[in-house]
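# Descriptive structure summary
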Amino acid sequence: MKNHKHIVTIGVLLALSLIFAYLEMILPSFLPNPAFKIGLSQIPILLTFYLFDLKSSAAVSTGKVLMMSLLFGYFLTYIFFVNLSGAIFSILFIGLSQQLKFSIPMTSLMSSLGHNLGQFIIIGFTLGWNIALFYLPVIIVFSVLFGLIIGLISQSLLNKIEKRI
Amino acid sequence: MLIVNVKKLGIGVISSILLIFLFYFYMNKNIVITQTQFIMNTTIEIKLFGKNSDKQKLEKTIAKAFDVMKEVEDNSTSYVEYEGNAASLNAHRGEYYTVNTDLIDQLSTSIPFCKLTSGEFDIGLFRTVNIWKNGSEKNYLPTRQETLNSLGKSTPDDIVVDKFNSRVLLPADMEIDLGGVSKGYGLDRVISFLKNSDINSALINAGGNIIALGQPVDRNYYNIAVQDPQIINKIIGTVQLHDGEAIATSGSYNRYYDINGKKYSHILSGKTGYPTELYKSVTVITNKGIISDILSTSLFLLSIDDGRDLINKLDYPIEVLYVLNDDTIVKSEGFNIEYSQDNIYKNQ
Amino acid sequence: MNIPKITFIKINKKEILIVIGLLILALTSYLFINNQNPGAKVKIEVNQRLYGTYDLNKTQEILVRDNGGNILLRSLIINGKIHVISSTCKDKICVHQGEISLSGQTIVCLPNKVVITIINDADKIDGVLK
């Protein structure tokens, strides 16, 4: 199954994901809390999932966390584990959406929800659940909103890609 | 292809994660367990702070903590005789008598204060106290001569405490009453018991004596309201009590002998056997329950200048607040109190 | 390249229901949590341990240090609000977050594990000395 082209494409998608993550880091946030992100880097991960399979998107997702932590010097620190947990949960939720036969925007929403849940489980265990609960409503609203937007972008991209093939 | 139903598995995994999450959240919730019991003629309230997961342990510990307080009461009472307690010691005065360690500890800590206060603070006042008790029952005001006669010739300095053999020699003309000592001592005993039981945060309130261990959830201090000496349910202000600190108050308002409609403070001078009327109340903060109890009583009997001399002689960190008879407040510089807004007290 | 045919599933009723359910959950939990009165005190925790409680009405600078005494961040209380002036963390999210003043609001510095929370039950009485 896995040919060179497959691996190269995944590499390109991972690079894209890193670029998006970096962009989100340096661009000023317009959201109420600068810790909230739109999740542009989820686009390549969703593309990987639909172009290949769950395993490949898991590789891109965890690869992104790993590379970002190495590039910005927080590998194996607390933040790294928070992000890793987010990535793992995000993939779990994509897998669940696949089983439930969700549409692309809905899958994206689930992935974003999973991402936040994964991060908050680690934060809750280490810093207390009160903070996690305090942010819960905001997190849900943003997950729904940006999850759907990212999902719609990915869907139109996939449409275009499919026509090219 | 996996043979197991991935859909069901996924839902199962996620819902069990959520359940664990909720369970952990529940167990990690901060709780306060509060219980009150009537011991040492007063209502004792113990508050233990901990996590929901420790609830059973906290409940067991709180029951045992009250047992410690009861044990101290039995060991220190002058009214009911138990082997080796104060009442038995009073009965065996004039000879060496083997007593329990609680009594040894209390005697060896409190006797020096009798000399330091030049006889004002006195643990040998059992007979005098009884004269006042009888007086208040029969509505008869004891005369100064009567109370003076009850004092006897010996002073607490004549008590011989043989720590090594746990023996005490009480002069034949003296009977002890540890009323101004054992409540504070009991608090110290409960705190050391709680520490040994791995309790990190607790607040024990014996009415006029409070002792703090650790801290409550959101703060590194306990908020203690100091009651107004005259008006019930009104407070002078609030004090922050930190880990290890003990606060005690002595006043003419909470315990008194009611004779002919006049209130006589239960705090008696060791020199006259009569109550003093120097202040409405004296509040002391220090780092030991027994010291806070002894000091609040001692300072209540001494003039402010003599009190200052006494504090300077001691090695404990001590802060003090007096409410004078004209409602003026005099306090040491380090006594941090936040006055309640509608108080009638003038701060000096 | 071996690309599977992407099946574009349309957004259906079931999904809309889930979205509505999520939004209702968010709204109810918001109403449940929301008690945003101006707070009186600010609590600072480092690694889940209470670092200190400070008065919001007193202008003061608070240096938050770790167990080893190294400065983690500097925060300033002014006009009943607190904000982080500088932090040793890389992302500076806590610094960019600005001021908070309502009870329950938090500033979290994840890399340093510092949590700043506004509280208003700090004046609760724990015991009465009679």
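First, a word on scope: everything that follows refers to the structure included in this document.

Cut-offs used in this document
Residues numbered from 1 in each chain as written. Chains lettered and ligands numbered in written order. Predicted model: local features only at pLDDT ≥ 70, side-chain atom pairs only at ≥ 80, totals over all residues. Heavy atoms only, no water. Pairing = 2+ DSSP bridges. Helix = DSSP H or I, 4+ residues; strand = E, 2+ residues; numbered from the N terminus. Axes fitted to C-alpha atoms, helices over the stretch in contact; angles between N-to-C directions. Contact = heavy atoms within 4.5 Å. Buried area = accessible area lost by both parts, 1.4 Å probe. Salt bridge = Lys/Arg side-chain N within 4 Å of Asp/Glu carboxyl O. Polar contact = N/O pair within 3.5 Å; in protein donor to acceptor, adjacent residues only side chain to side chain. Nonpolar A, V, L, I, M, F, W, Y, C, P; charged D, E, K, R; others polar. Buried < 20%, exposed > 50% of the residue type's maximum accessible area, 1.4 Å probe, protein only. 1 Å grid on protein atoms, 1.4 Å probe; cavity = no way out; pocket = protein on both sides within 12 Å on 5 of 7 lines; lining within 4 Å. Points joined across faces, edges and corners; volume = space filled by probe spheres on them.

Attention shifts here to the sheet that holds strand E16 (residues 337-339) of chain B. Ordered by their spatial adjacency, four strands build an open sheet running E16(B)-E9(B)-E8(B)-E8(C), and the pairing between neighbours is mixed. This sheet does not close on itself; its edge strands, each paired only once, are E16 of chain B together with strand E8 (127-129) of chain C. Neighbour-to-neighbour, the strand axes of this sheet turn through a mean angle of 30°, independent of strand direction. With six bridges connecting them, strand E8 (residues 222-227) of chain B and strand E9 (residues 235-241) of chain B associate as antiparallel partners.

What follows deals with the interface of chain C and chain B. With 16 residues of chain C at the contact, the number on the chain B side is 28 residues. Both faces considered, chain C and chain B share a buried interface measuring about 1700 Å² in area, 46% of it formed by carbon and sulfur atoms. Among the residues of chain C in contact with chain B, C:Asp126, C:Leu129 and C:Lys130 are the three that bury the most area, contributing 46% of the side total. At the junction of chain C and chain B, the tally comes to zero salt bridges. Joining chain C to chain B, the criterion identifies nine residue pairs in polar contact (both at pLDDT 80 or more). Taken together, the elements giving at least two residues each to the side of chain C that touches chain B come down to strand E1 (41-46), strand E2 (49-55) and E8 of chain C. Per-class residue counts for the side of chain C that touches chain B are six nonpolar, three polar and seven charged. Where E8(B) lies against E8(C), three bridges are found, and the strand directions are parallel. Among the inter-strand pairings, B:Ala225 is bridged to a residue of E8(C), identified as C:Val128.

For side chains bearing opposite charge, pairing can occur when the charged atoms are close. Residues and elements named next belong to chain B. Scanning the model with the defined rule gives twelve salt bridges over all chains in all. The residue Asp-67 makes a salt bridge to Lys-70 at a minimum N-O spacing of 3.7 Å. Note that Asp-67 and Lys-70 are positioned in helix H2 (residues 55-76) at a spacing of three residues, about one turn of the helix. Residue classification places Asp-67 among the partly exposed residues on the basis of a relative accessible area of 42%. Between Arg-308 and Asp-305 there is a salt bridge; the shortest N-O distance is 3.0 Å. Of this pair, Arg-308 and Asp-305 both sit in helix H9 (residues 304-313), separated by three residues, roughly a single helical turn. In this structure Arg-308 comes out as partly exposed when scored by relative accessible area, which is 46%. The network of salt bridges with common partners includes Glu-71, Asp-102 and Arg-189.

Residues and elements named next belong to chain B. Strand order in this open sheet of three strands is E3-E5-E4, and the pairing throughout is antiparallel. Among the strands making up the open sheet, the edge pair consists of strand E3 (96-98) and strand E4 (160-162). Neighbour-to-neighbour, the strand axes of the sheet open up by a mean angle of 20°, direction not taken into account. Where E4 meets strand E5 (residues 167-169), three bridges bridge the pair, whose relative direction is antiparallel. The residue of E5 that forms the bridge with Asp-162 is Arg-167. Sheet strands touched by helix H4 (residues 101-116): E4 and E5. Its angle to E4, the strand with the most contacts, is close to 135°.

Right, let's get into empty space enclosed by the protein. All names here are of chain B. Summed over the entire model, instances satisfying the criterion amount to one cavity of 30 Å³ or more. Roughly 40 Å³ of volume is contained in the largest cavity. Around the largest cavity, the lining residues are Gly-124, Leu-125, Phe-126, Arg-127, Thr-128, Ser-150, Leu-151, Asp-173, Met-174 and Glu-175. The element contributing the most residues to the lining of the largest cavity is helix H5 (residues 126-138), with three residues. Here the lining of the largest cavity is composed, by residue class, of four nonpolar, three polar and three charged.

On to unusual backbone geometry, then. All names here are of chain B. A positive phi is found at Ser-118, a non-glycine position, where the angle reads about 40°. By secondary structure assignment, the location of Ser-118 is in the loop between H4 and H5. Judged by relative accessible area, which is 48%, Ser-118 ranks as partly exposed. Even without glycine at this site, Ser-166 takes up a positive phi of about 55°. Structurally, the position occupied by Ser-166 is in the loop between E4 and E5.

Any functional reading would require information that these geometric values do not contain.
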